[in-house]
Amino acid sequence: MNPYEIEHNIKASESQPHRRRPDMSTFTSHLHQISGDSGEGHTRPHAVPTPVDTAALFRLLQDQLGTLASDAPSEENRQFLELLMSNLENDIAHPPEHIPGVSQEYVDSLDRVSRKSIKDDDSCPICAERYLDDQYCLVVELPCAGRHKFDLECVGPWLRSKGNCPMCRHDFSKKKVIEIPKDEEEDEDDMDGLYG
């Protein structure tokens, strides 16, 4: 039984396991180890991961996508997963200085999709499983132009490592710069130069 089933007193026979969900436990463990975002025990808050650590992170994600691609239920799903894997290949060969992904807080704050608004045949582009086959599905909608939907378990690692939408590549890692208009009256009040 998984922790969710134990916490909610669900018997194993009540829930159907998702055979195509990626196992990202090693990825998540490695990410916490190299990113310093766990908040515990990091004495060097400005330390950055080494290129070897960063390349390993992208390799772990690529390996899980490869596992899914090996038994993809459709040619379209296989091609999508291969596209994601090839996108990671450049990061493995030439690791970036920092992990460009978004924070866990960002992932946790993504808009959840109501079960009522999901159609019977809607499925996750990554694992290709129908959302409603999961009694406790957790589907998120990304704030990109396409408002793409994914299982949170599937898209979370991609967002944490790459920081963009797997489908349209909209970048979520760049913060919006909010320009504060300069108050004209403030300039006029300081005409005498008393404050500067």
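Rules of the game
- Residues numbered from 1 in each chain as written.
- Predicted model: local features only at pLDDT ≥ 70, side-chain atom pairs only at ≥ 80, totals over all residues.
- Heavy atoms only, no water.
- Helix = DSSP H or I, 4+ residues; strand = E, 2+ residues; numbered from the N terminus.
- Buried < 20%, exposed > 50% of the residue type's maximum accessible area, 1.4 Å probe, protein only.
- Contact = heavy atoms within 4.5 Å.
- Core = buried A, V, L, I, M, F, W, Y, C linked by side-chain atoms within 4.5 Å.
- Domains from an automatic or database assignment.
- Pairing = 2+ DSSP bridges.
- Axes fitted to C-alpha atoms, helices over the stretch in contact; angles between N-to-C directions.

- The chain is annotated in an unreviewed UniProt entry as RING-type domain-containing protein from Microdochium bolleyi.

## Some thoughts on the overall build of the chain
- Summing up its helical and strand segments, the chain has seven helices and three strands in all.
- If you list the helices and strands of the chain from N to C, you get α-α-α-α-α-β-β-β-α-α.
- Classification of the 196 residues of the chain by burial places 34% in the buried group.
- For the chain, the share of sequence-separated contacts (at least 6 apart) that also reach a separation of at least 24 residues comes to 64%.

## Looking at the environment of Thr 67
- Here Thr 67 is to be found in helix H3 (residues 51–70).
- Distance in space between the C-alpha atoms of Thr 67 and Arg 20 is 8.9 Å, their sequence separation being 47 residues.

## Side note on the environment of Ser 35
- The residue Ser 35 is located in helix H2 (residues 25–35) in this model.
- Accessibility expressed as a relative area gives 30% for Ser 35, which makes it partly exposed.
- Considered as a pair, Ser 35 and Pro 49 are 14 residues apart in the sequence and their alpha carbons are 6.7 Å apart.

## Points about unusual backbone geometry
- At Ala 128, a residue that is not glycine, the phi angle is positive and equals roughly 65°.
- Position of Ala 128 among the secondary structure elements: in the loop between strand S1 (111–112) and strand S2 (139–141).
- Overall, Ala 128 belongs to the partly exposed group, its relative accessible area being 24%.
- Residues other than glycine seldom take positive phi values, yet Arg 147 does so here, at roughly 50°.
- Mapping Arg 147 onto the fold places it in the loop between S2 and strand S3 (149–151).

## Overview of the nonpolar core
- Membership of the largest hydrophobic core comes to 39 residues, with the highest contact counts inside it found for Leu 65, Ile 126, Leu 142 and Leu 159.
- Shared between two domains, this core holds at least three residues of each, these being domain 1 (48–99) and domain 2 (101–164).
- Look past the residues within four positions of Leu 159 in its chain and what remains in contact with it is Gly 101, Val 102, Val 107, Leu 110, Leu 142, Asn 164 and Phe 172.

## Digging into the sheet that holds S3
- Strand order in the open sheet formed by three strands is S1-S2-S3, and the pairing between neighbours is antiparallel. Strands with a single pairing partner mark the edges of an open sheet, and in this sheet they are S1 and S3.
- Both S2 and S3 contribute to a ladder of three bridges, which runs antiparallel. Among the inter-strand pairings, Val 139 is bridged to a residue of S3, identified as Asp 151.
- Across the sheet, helix H6 (residues 152–162) lies against S1, S2 and S3, angled at about 100° from S3, the strand it touches most.

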